[in-house]
Amino acid sequence: MNKTTSQPCFVWLGAGEALDSKILDGFINLHPECQIVMAEAREVAASKLQACYRSDKYTINCVVLDQEAKAEVFYTLNLKEYSGLQQPKGLSKIYPGLAVINQETVNTIDVVSYISNLNLNPDQPNHIYIDIITQVDSLLRALINSGKIFLFTNLHFVTSDLTITEEFGCKKEVDEILVRNGYEVIFADEDDPDLVIMSYKLNPLWKTLVATKSQLAKAIEERRQFEELVIELQKRVADVEKRKEIKINNIQLELEQSKLKVASLAQELIVSKDLVGDLNEQVKRNEECKSLLSKFEFKVDKLFSEQNSEINNLVNKLNTNINSGLINTAKQIESFYGIQNYLKHGVLPLNFHGWPISPDLGLYLTSLIENNDYDVIIEFGSGTSTVLMAKSLQVKNRNNRLKSKSKKKKKKKNVLLYEEKSTKIVTFEHNSDYYSSTLTALKNNGVDELVDLELTPLTDYESIGGEKYLYYNCSGKLQEVASSLKDKKANVLVLVDGPPGSTNKNARFPALPHLLNALPDQKFTFIMDDYNRSEEKEIVGLWLAMAKEKFLDINIDEVPSEKGLAIVKLK
């Protein structure tokens, strides 16, 4: 039951003695390379199946399936193919002589766990045939509620318009449930008018629709958060406008007071006609006051104009920052702290100022190194990534040693519990300044012994198709790596982060042909950074074409990240 089925799989629940196998035969004709899984509750029938189907293509399980695992009463009938956890009393209309000849308590297995343990490939056209008429409704509902139903592109089951048991849903109810979950009828075998075999197929657009709805809900939530920020910004702008209005009112009040003073001086001049000399002086002072007021008004107008300009610039910058940084900020902070949490046990945190790779890529690299045993790590283009990978190896080795020492205390002396894997990082760098900086960083972090840092100039390289490139002079070092691996089937991690894209078109393409030439029989995991750029996407497309020409097994996954990340696995 734990066999991994990477090929198309036909799952037959309640197979009995597989006497009516028209549906199974049709599936095998379409998919000769398929796997067949048969589940039958009756030991006698299961034994006959095992004797009949001895090929590795077939897996026979003697199990009693239900919605959940528990102790249940199993009813054996005189028509043994209808034996099960429920008495199909409704079939007495078809088989008047139907009767229970034995009943016993059995332990059931829940159908969701059973299907999960089959390890089905969701990308294959898998079929399921539920040939247990008393449990079609309950088993389908359990698979739908758990989401396991979507492992199957086609469903087949026995149903009837008759009331088989009290809990049994009629054909119409089952049809409505399946239609709501993206399945549509493709065939109804009505050779037996009372017991119909229904066949359904999953609409290929259903999964896309479900994913689109999820993305839409996420986009709506992000828009709501954005609108909240805009409202907050508008409140701040309104507050600035209010303060500006108060200042204007205060200045206007001061101007009114100044006008009142001018009027008072004028009145004094009228009253003091006999003081001509003083009056002339007052007139002069009045003119000076007007001049000062004019200059003051000019400065106030200029100040208001500058403030308005600064406020507009602030609003524009805030809008730009909100639009470009809102979605990515949370993810980058999370990735950043993820890396530090991984390295904090006994290791000082790395300095992320001026980080040349995104923190989410750094976290992904540390996760790969922690969870996989690589024989060698090859990096094109050095930098902080080199130090990060070396420190990740250092942390992993230290943790493994600690675990080994803890276990050794419980074992006899001189028993070797752990042999440290001598994974080596080989890094190629063409820029002498970057080479020196990286070497200094490795030494400062005490990991320089884990890295072969090679200063390799860019030299002419011509592909099989005649395209010319400038690429690292790395052939000699790669041959040394090949010699060290000897005849071993090695697991190799490759980070492609150089040379710069400005070197020439598709500058990073030669990484694959160089490695295939030096290490043709190894297992590779390529990490292509900057995959949001069209040129990196074109390079991965060229790699895919090359792999197909050489009949190599290649798989490409795109991982969401700040600058885009492609994972290319090659065997």
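Further up the page is the structure itself.
Quick summary incoming for the structure in this document. Not measured: the values here are computed from a predicted model.

1. Describing the pairing of strand β19 (residues 554-559)
Then, in step 1: Bridging between β19 and strand β20 (residues 565-570) involves six bridges; their strand directions are antiparallel. Paired with D557 across the strands is I567, a residue of β20.
Then, in step 2: As consecutive antiparallel partners, β19 and β20 are separated by five residues, and within that stretch G564 has a phi angle of approximately 90°, a positive value.

2. Focus on the environment of S561
Then, in step 1: Of note, S561 is situated in the loop between β19 and β20.
Then, in step 2: In this structure S561 comes out as buried when scored by relative accessible area, which is 17%.
Then, in step 3: A C-alpha to C-alpha distance of 7.2 Å links S561 and L361, two positions 200 residues apart in sequence.
Then, in step 4: Within polar-contact distance, the side chain of S561 engages the backbone nitrogen of G564 at 3.0 Å.

3. Let's talk about the nonpolar core
Then, in step 1: Counting 38 residues, the largest nonpolar core has I378, F380, F526 and W543 as its most contacted members.
Then, in step 2: Residues within four places of F380 in sequence aside, it is in contact with F428, Y471, Y472, C474, V494, L495, V496, D497, G498, A511 and L515.
Then, in step 3: In terms of nonpolar packing, the next biggest core, distinct from the first, is built from 36 residues, L140, V174, Y183 and L202 among them.

4. Overview of the packing of helix α4 (residues 136-146) against helix α5 (residues 171-180)
Then, in step 1: At a minimum axis distance of 11 Å, the contact between α4 and α5 shows a crossing angle of 15°. Judged on the interaxial angle alone, α5 and α4 are roughly parallel. Of the two elements, α4 crosses α5, and the hand of that crossing is left-handed. Along its contact with α4, which presents D137, L140, R141 and I144, the element α5 presents V174, I177 and L178.
Then, in step 2: Broken down by class, the residue content of the contact of α4 with α5 amounts to five nonpolar, no polar and two charged.

5. Comments concerning unusual backbone geometry
Then, in step 1: Cis geometry marks the peptide bond from G498 to P499; its omega dihedral reads -5°.
Then, in step 2: Mapped onto the elements, P499 comes out in the loop between β17 (491-496) and α12 (511-518).
Then, in step 3: If you check the backbone angles, A18 has positive phi at about 55° while not being a glycine.
Then, in step 4: Even without being glycine, D530 reaches a positive phi, approximately 60°.
Then, in step 5: Note on placement: D530 falls in the loop between β18 (523-529) and α13 (534-549).

Cut-offs and rules
- Residues numbered from 1 in each chain as written.
- Predicted model: local features only at pLDDT ≥ 70, side-chain atom pairs only at ≥ 80, totals over all residues.
- Heavy atoms only, no water.
- Pairing = 2+ DSSP bridges.
- Helix = DSSP H or I, 4+ residues; strand = E, 2+ residues; numbered from the N terminus.
- Buried < 20%, exposed > 50% of the residue type's maximum accessible area, 1.4 Å probe, protein only.
- Polar contact = N/O pair within 3.5 Å; in protein donor to acceptor, adjacent residues only side chain to side chain.
- Core = buried A, V, L, I, M, F, W, Y, C linked by side-chain atoms within 4.5 Å.
- Contact = heavy atoms within 4.5 Å.
- Axes fitted to C-alpha atoms, helices over the stretch in contact; angles between N-to-C directions.
- Parallel < 35°, antiparallel > 145°, perpendicular 65-115°, else oblique.
- Left-handed = near helix turned anticlockwise from the far one by under 90°.
- Nonpolar A, V, L, I, M, F, W, Y, C, P; charged D, E, K, R; others polar.

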